[in-house]
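Structural overview for review
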Amino acid sequence: MAFTDELHDEADEFWSAIVDHPMVQDLGAGTLDEEPFRYWVRQDYVYLVEYSRLFALGAAKAPDLASMGTFAELLDATVNEEMDLHRSYAAEFGINETELEATTSSPTTQAYTDFLVRTASHGTFGDIVAALLPCMWGFNETGNRLAAAGKPDHEQYAAWVEMYSGEEFTELTEWCKLLMDDVAENASDATKERYRDLFRTSARYEYLFWDAAWNQQEWPL
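Residues numbered from 1 in each chain as written. Predicted model: local features only at pLDDT ≥ 70, side-chain atom pairs only at ≥ 80, totals over all residues. Heavy atoms only, no water.

Observations regarding the layout of surface pockets
Its volume calculated, the largest pocket comes out at about 770 Å³. Around the largest pocket sit 26 residues that line it, and Glu82, Met163, Glu168, Phe169 and Leu172 are the ones nearest its centre. Considering every element that reaches the lining of the largest pocket, the biggest residue donor is helix α4 (residues 65-91), with 10 residues. (1 Å grid on protein atoms, 1.4 Å probe; cavity = no way out; pocket = protein on both sides within 12 Å on 5 of 7 lines; lining within 4 Å. Points joined across faces, edges and corners; volume = space filled by probe spheres on them. Helix = DSSP H or I, 4+ residues; strand = E, 2+ residues; numbered from the N terminus.)

Now the structure itself:
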């Protein structure tokens, strides 16, 4: 059995919890108040900056040229394309580039990105894949489940659902799952358990990222 198939039932619990979160439910219904979503957009920009470092470190630790090239392409696409798209998307909510750049990481964003970068810096290539997989898999599942319930009337929320349920992002998710299966195929039981633990931690942070936006989490001091 492929490793991601072994993860499936546990992963499904995380994705279901995310989709059942009131913020995601309101997003899918098109009724979400825009203020928590603006918060999400700003924090996601900060997250993407740090997420890009995973691709850079993944390229450095890749075991073969094909993987190195793919991670290098993902780094280039994120830094030079997705960040621009994110700025354009933010502008539709009245958030300019200066505001994005001035965003302070929330406690959850800081903890999540610190976990990811630390894992990528000190861990193996397989550790990097296990830590980044929940972001892709979780967003794809969320997009697909919201799309199955019907596209929201809110134009920007509909665009969000379409992006993460779309063919391009689905292909990226499937690539990451196959890569996870490949690095885990001949791994020891102890290594696979480490991958599971990293996957769980990232999946939990994915849920907390939504929750922090819903509550517009700030540092208390």
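Once the structure has been displayed, the description carries forward.
Concerning the pattern of salt bridges
Taken as a whole, this structure holds 14 salt bridges when the rule is applied. When the shortest N-O distance is used, the salt bridge between Glu162 and Lys151 registers 3.3 Å. Of this pair, Glu162 sits in helix α8 (residues 155-165) while Lys151 sits in the loop between α7 (125-148) and α8, placing them 11 residues apart in sequence. With relative accessibility at 54%, the residue Lys151 sits in the exposed group. Through salt bridges with shared partners, a single network forms among Glu6, Glu10, Glu193, Arg196 and Arg200. (Salt bridge = Lys/Arg side-chain N within 4 Å of Asp/Glu carboxyl O. Buried < 20%, exposed > 50% of the residue type's maximum accessible area, 1.4 Å probe, protein only.)

Focus on empty space enclosed by the protein
Taken as a whole and judged by the stated rule, the model has one cavity of 30 Å³ or more. Each pocket or cavity is described by its volume, and for the largest cavity that value is around 30 Å³. The wall of the largest cavity is formed by Asp44, Tyr47, Tyr112, Phe139, Glu206 and Phe209. Taken together, the elements giving at least two residues each to the lining of the largest cavity come down to α3 (34-61) and α10 (189-215).

Digging into the packing of aromatic side chains
Tallied over the entire structure, the rule returns 28 aromatic pairs. Ring geometry for Phe93 against Tyr157: centres 6.2 Å apart, planes inclined by 20°, an arrangement best described as stacked. With Phe93 in the loop between α4 and α5 (97-101) and Tyr157 in helix α8, this residue pair connects regions lying 64 residues apart in the sequence. Each member of the pair Phe93 and Tyr157 is classed as buried. Measuring from ring centre to ring centre gives 4.7 Å for Trp160 and Tyr164, while their planes differ by 55°; the resulting arrangement is tilted. In this pair, Trp160 and Tyr164 both sit in helix α8, four residues apart, roughly one turn of the helix. Like Tyr164, Trp160 is buried. Among the aromatic residues, those joined into a cluster by ring pairs are Phe37, Trp40, Tyr89, Phe93, Phe139, Tyr157, Trp160, Tyr164, Phe169 and Trp210. (Phe/Tyr/Trp six-rings, centres within 6.5 Å; stacked < 30°, edge-to-face > 60°.)

Remarks on the UniProt feature "domain: Thiaminase-2/PQQC" (unreviewed entry) in the chain
The feature "domain: Thiaminase-2/PQQC" (unreviewed entry), as annotated in UniProt, sits at residues 8-215 in this numbering. Segment residues 8-215 splits into 85% helix and 0% strand. End C-alpha atoms: 29 Å apart. (UniProt positions renumbered as here; feature names shortened; annotations may be inferred.)

A few points about α8
Every buried residue of α8 is accounted for by Gln156, Tyr157, Ala158, Trp160, Val161 and Tyr164. Buried-residue contacts for α8 involve α2 (22-29), α3, α4, α7, α9 (167-184) and α10. (Contact = heavy atoms within 4.5 Å.)

Digging into the side chain of Asp44
With respect to the secondary-structure elements, Asp44 resides in helix α3. Among buried charged residues, Asp44 stands out as having no salt bridge; its nearest opposite-charge side chain is Arg42, 12 Å away. Excluding anything up to four places from it in sequence, Asp44 contacts His86 and Phe209. (Lys, Arg positive; Asp, Glu negative; His and termini not counted.)

What about a negative patch on the surface?
Side chains of Glu73, Asp76, Glu81, Glu167, Glu168 and Glu171 sit close together on the surface and give a patch of like negative charge. Listing elements by their share of the negative patch, those giving two or more residues are α4 and α9. Assignment of secondary structure puts Asp76 in helix α4. Among the residues examined, Asp76 registers a relative accessible area of 40% and is labelled partly exposed. (Patch = residues over 30% accessible without salt bridge, like charges linked within 9 Å, V, L, I, M, F, W, Y side chains within 5 Å. Areas by Shrake-Rupley, 256 points an atom, 1.4 Å probe, with all protein chains shown as cover. Charge placed at Lys NZ, Arg CZ, Asp CG, Glu CD.)

With respect to the environment of Ala187
Structurally, Ala187 can be placed in the loop between α9 and α10. For Ala187, a relative accessible area of 18% gives the class buried. It is 9.4 Å that separates the C-alpha atoms of Ala187 and Gly126, two residues lying 61 residues apart in sequence.

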